[in-house]
Amino acid sequence: VQLQASGGGLVQAGGSLRLSCVASGSIFSINNMGWYRQAPGKQRELVAIITSGGRTNYGDSVKGRFTISRDNAKNTVYLQMNSLKPEDSAVYYCNVVIVTGSYYWGKGTQVTVSS
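Structure report, in brief. Please read all numbers here as calculations on a predicted model, not as lab measurements.

Okay, the overall build of the chain next. When its secondary structure is counted, the chain shows zero helices and eleven strands. Along its sequence from the N terminus, the chain presents helices and strands in the succession β-β-β-β-β-β-β-β-β-β-β. By the compact-globule yardstick of 13 Å for 115 residues, the chain fits well, its C-alpha radius of gyration being 13 Å. On the principal axes, the C-alpha backbone points of the chain span a range of 45 × 25 × 25 Å. Taken over 115 residues, the chain has a buried fraction of 38%. For the chain, long-range pairs separated by at least 24 residues make up 51% of all intrachain contacts whose partners lie at least 6 apart in sequence. Surface exposure of the chain reaches about 6,200 Å², of which carbon and sulfur atoms provide 46%.

Laid out in structure tokens, this is it:
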């Protein structure tokens, strides 16, 4: 399974970005899809996850600002990020859990929010 993320970049505080992650390869069925992030010197943390049924869960720091969605036909997960803050700066990783329980990580995409 390969995960290709895109959409990262540099944005000013208060701005928006939309991340996308496409899963490809030998995929039988995807359960959860999600986004995590890791800032320098910090542990990787949950940003948001979405189940195959559309249930979502968000990290406390992004609730009300970020929205996760998915297109099952395209094996794609999206992360709409609004009202970005400098503390949102990090490498964002997409994650996929398939029905066998195996999980996969994308290579990450850099998000930088300037003040």
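After presenting the structure, the write-up continues.
With that out of the way, let us pick up the environment of Ser-61. Mapping Ser-61 onto the fold places it in the loop between strand E6 (56–58) and strand E7 (66–71). Look at Ser-61 and you get partly exposed, because its relative accessible area is 39%. Taking the C-alpha atoms as reference, Ser-61 lies 12 Å from Pro-86; in sequence the two are 25 residues apart. Every residue in contact with Ser-61, bar those within four places of it in the chain, is listed here: Arg-37 and Glu-45.

Reading the values: rules and limits
- Residues numbered from 1 in each chain as written.
- Predicted model: local features only at pLDDT ≥ 70, side-chain atom pairs only at ≥ 80, totals over all residues.
- Heavy atoms only, no water.
- Helix = DSSP H or I, 4+ residues; strand = E, 2+ residues; numbered from the N terminus.
- Rg over C-alpha atoms; globule rule 2.2 N^0.38 Å.
- Buried < 20%, exposed > 50% of the residue type's maximum accessible area, 1.4 Å probe, protein only.
- Contact = heavy atoms within 4.5 Å.
- Areas by Shrake-Rupley, 256 points an atom, 1.4 Å probe, with all protein chains shown as cover.

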